[in-house]
Amino acid sequence: MGFFSALFGHTDNSQLIEAIKAGAFLVDVRTAAEFSLGSVKGAVNIPLDRVASQLQKFAGKKAIVVFCRSGNRSSQAKTILEQNGIQHVINGGTAAKVNRIVNK
């Protein structure tokens, strides 16, 4: 068990795993430059600073997973989407974590 999981307890990823397996809309909210260095298979890049102006891309999706490098920008993106009436948004945290789940 890692230091952080010992400190904060085990994170339950079941909702995230279920959403990804069900074909969630995967959104990398990192910059285009970061996205170009590699992301998650099937993910689209909508940088955090463009989320509010691209709400139509999220409309009608059954489940949305947002992620970034550390989980900070994806947390902000989730808040923006929810404030604009977009539901079923999951903060996937890091691209690495989402990638591990997608590739299982």
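Source: prediction; values computed, not measured.

Which parts of the structure should I look at to understand unusual backbone geometry?
With the exception of glycine, the majority of residues adopt a negative phi angle, and the majority of peptide bonds are in the trans configuration. With a phi angle near 65°, His-88 is a residue other than glycine that sits in the positive phi range. By secondary structure assignment, the location of His-88 is in the loop between helix 5 (72-83) and strand 4 (89-94).

Could you clarify how one ought to interpret the packing of aromatic side chains in this entry?
The geometry of an aromatic ring pair is captured by two quantities: the separation of the ring centres and the angle between the planes. Tallying each qualifying case throughout the model produces one aromatic pair. Relative to Phe-58, the ring of Phe-25 has its centre 5.8 Å away and its plane inclined at 75°; by these criteria the two rings are edge-to-face. Taken together, the residues Phe-25 in strand 1 (residues 25-28) and Phe-58 in the loop between helix 4 (48-51) and strand 3 (64-68) connect sequence positions 33 residues apart. Its relative accessible area of 1% is what places Phe-58 among the buried residues. Residue placement shows Lys-61 over the ring face of Phe-25; its charged tip is 4.7 Å from the ring centre.

How should the pairing of strand 3 be read in this particular structure?
Side chains on a regular strand alternate between the two faces of the sheet. Most of strand 3 is tucked away: five of the five residues are buried. Side chains of strand 3 alternate between two faces, with Ile-64, Val-66 and Cys-68 and Val-65 and Phe-67 buried alike. What joins strand 3 to strand 4 is helix 5, and the crossover it makes is right-handed.

So, how was this worked out
Residues numbered from 1 in each chain as written. Predicted model: local features only at pLDDT ≥ 70, side-chain atom pairs only at ≥ 80, totals over all residues. Heavy atoms only, no water. Helix = DSSP H or I, 4+ residues; strand = E, 2+ residues; numbered from the N terminus. Phe/Tyr/Trp six-rings, centres within 6.5 Å; stacked < 30°, edge-to-face > 60°. Buried < 20%, exposed > 50% of the residue type's maximum accessible area, 1.4 Å probe, protein only. Lys NZ or Arg CZ within 6 Å of the ring centre and 35° of its normal. Right-handed = clockwise from strand over helix to strand, strands pointing away.

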